[in-house]
Amino acid sequence: MRLKDKVAIITGAGLGMGREASVVFAQEGAKVIVFDLNADAGKETVRLVEAAGGKALFVQGDVSKEADVQKAIAEGVKAFGALHILYANAGVLWKDRDKSVIETTEENWDLVQAINLKGPFFLTKHGIPELRKAGGGSIILVGSISALAGFTLAQDSYTCAKGALISLCKSLAIQFAPEQIRCNIIHPGFIDTPLQAPYLNDDKRKAISAEIPIRRLGTARDIANAALFLASDESSWMTGAEMVVDGGFLAM
Ligand SMILES: NC(=O)c1ccc[n+]([C@@H]2O[C@H](COP(=O)([O-])OP(=O)(O)OC[C@H]3O[C@@H](n4cnc5c(N)ncnc54)[C@H](O)[C@@H]3O)[C@@H](O)[C@H]2O)c1
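For the structure given in this document, a descriptive report is provided here. It should be emphasised that the depicted structure is a prediction, and the values quoted were computed from it without experimental measurement.

What counts and what doesn't
- Residues numbered from 1 in each chain as written.
- Predicted model: local features only at pLDDT ≥ 70, side-chain atom pairs only at ≥ 80, totals over all residues.
- Heavy atoms only, no water.
- Core = buried A, V, L, I, M, F, W, Y, C linked by side-chain atoms within 4.5 Å.
- Buried < 20%, exposed > 50% of the residue type's maximum accessible area, 1.4 Å probe, protein only.
- Helix = DSSP H or I, 4+ residues; strand = E, 2+ residues; numbered from the N terminus.
- Contact = heavy atoms within 4.5 Å.
- Phe/Tyr/Trp six-rings, centres within 6.5 Å; stacked < 30°, edge-to-face > 60°.
- Lys NZ or Arg CZ within 6 Å of the ring centre and 35° of its normal.
- Axes fitted to C-alpha atoms, helices over the stretch in contact; angles between N-to-C directions.
- Parallel < 35°, antiparallel > 145°, perpendicular 65-115°, else oblique.
- Left-handed = near helix turned anticlockwise from the far one by under 90°.
- Nonpolar A, V, L, I, M, F, W, Y, C, P; charged D, E, K, R; others polar.
- Polar contact = N/O pair within 3.5 Å; in protein donor to acceptor, adjacent residues only side chain to side chain.

Within soluble globular proteins, side chains that are nonpolar generally end up buried alongside one another. In terms of nonpolar packing, the biggest core is built from 36 residues, with Ile9, Leu83, Leu86 and Ile139 touching the most fellow members. Top element by residues in this core is helix H5 (residues 156-176). It accounts for seven residues. Those residues in contact with Ile9 that sit more than four places away from it in its chain are Ile33, Ala72, Ile73, Leu83, Ile85, Leu86, Tyr87 and Leu123.

The structure is reproduced here in structure tokens:
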């Protein structure tokens, strides 16, 4: 029960890492506000949390819309009484529209920024006042190994949004540390989730696995476990830190 009596909001909790974290956090005692654009997926996450003996509330919304994020926080606090953990997990990777700067339209650049960067802005803007009321808390941002190294197949808007989150992480960590509000960022490597599914087949999975020292793609559980540590008091002296979870890919 590493998150006993804690309340967490997880954006993009309908699928992939967000769904997995919802179940893991709830099994460790947290009540979870499941926020997602996709209502069917979000409701299924709540069903899985409840099947695992946990408590969750689904709120539908778009992280790039401030009113939606504000509403989710208000509804969650009303239902569960407080808020301690902000997990800014929602993000999109659109390899067909977000490419190198020389091939990407302004509209597609802006859409990716709105979800991947403005989303965490809205979540922290409206979530931090609730963490203050609770006497402290943990903020988890999600970057990417693509913010730490260049890749020949570029998704430049995605990469820039993830890179900017590193700066936001450090800024929030320093501003709010005296109030016991911590902020850390996880950089996942190649994780086998619905986000990557359109770009993967068995041959690609084998080829990517061969490039990873641990010789497999990551799972949603690998990242949820890292997030659980950052959400819990076990990481209470850790803030402003970057946690790379990539099977050793960037160590090469
Ligand atoms: N999968 C990877 O290899 C990988 C690698 C590095 C970083 N990441 C990052 O990890 C995070 C989670 O990725 P994932 O692989 O679990 O993704 P996913 O696509 O499997 O799940 C993302 C969830 O976010 C929701 N979502 C998308 N846009 C939204 C919006 N505007 N508002 C609310 N919800 C929205 C989707 O409906 C979905 O349920 C993302 O920030 C992603 O960029 C993923």
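Attention shifts here to the packing of aromatic side chains. Per the stated rule, a full pass over the model turns up five aromatic pairs. Plain terms: the ring middles of Phe151 and Phe190 are 6.5 Å apart, the flat faces sit at 85° to each other, and that makes the pair edge-to-face. Here the residue Phe151 occupies a position in the loop between strand S5 (137-142) and H5, and Phe190 occupies one in the loop between strand S6 (181-188) and helix H6 (202-211), the gap between them amounting to 39 residues. According to the relative accessible area criterion, Phe151 is partly exposed, its value standing at 33%. For Phe190, a relative accessible area of 23% gives the class partly exposed. Judged by centre distance (5.4 Å) and plane angle (85°), the ring pair of Phe190 and Phe249 falls under edge-to-face. Remark: Phe249 occurs in the segment after strand S7 (242-245) and Phe190 occurs in the loop between S6 and H6; sequence separation between them is 59 residues. A network of ring pairs unites the aromatic residues Phe151, Phe190 and Phe249 as a single cluster. The side chain of Arg97 reaches across the aromatic face of Trp94, ending 4.1 Å from its centre.

To continue, consider the packing of helix H3 (residues 66-80) against helix H4 (residues 106-133). H4 packs onto H3 with a crossing angle of 30° between their chain directions and a minimal axis gap of 9 Å. Taken together, H3 and H4 sit at an angle that is classed as roughly parallel. Relative to H4, H3 is oriented so that their crossing is right-handed. In contact with Glu66, Val69, Gln70, Ile73 and Val77 of H3, H4 contributes Phe122, Leu123, Lys125, His126, Gly127 and Glu130. Its residues assigned to classes, the contact of H3 with H4 comprises five nonpolar, three polar and three charged.

It is worth spelling out the side chain of Gln155 at this point. When you line up the elements, Gln155 lands in the loop between S5 and H5. For Gln155, a relative accessible area of 13% puts it in the buried group. Those residues within four positions of Gln155 in sequence are excluded, and the remaining contacts are Leu93, Lys95, Asp98 and Lys99.

This part covers the environment of Glu234. Locating Glu234 in the fold gives a position in the loop between helix H7 (220-231) and S7. The sequence separation of Glu234 and Arg2 amounts to 232 residues, and the corresponding C-alpha distance is 8.3 Å. Excluding its chain neighbours within four sequence positions, the residues that come into contact with Glu234 are Arg2 and Phe229. Side chain to side chain, Glu234 and Arg2 meet in a polar contact 2.8 Å long.

This paragraph deals with the packing of helix H1 (residues 16-27) against helix H2 (residues 39-51). For the pair H1 and H2, interaxial distance at closest approach is 9 Å and the crossing angle is 25°. Considering their axes alone, H1 and H2 lie roughly parallel with respect to each other. Viewed along their axes, H1 and H2 form a crossing whose handedness is right-handed. When H1 is examined against H2, the residues Arg19, Ser22, Val23 and Ala26 are found in contact with a partner set consisting of Ala41, Glu44, Thr45, Leu48 and Val49.

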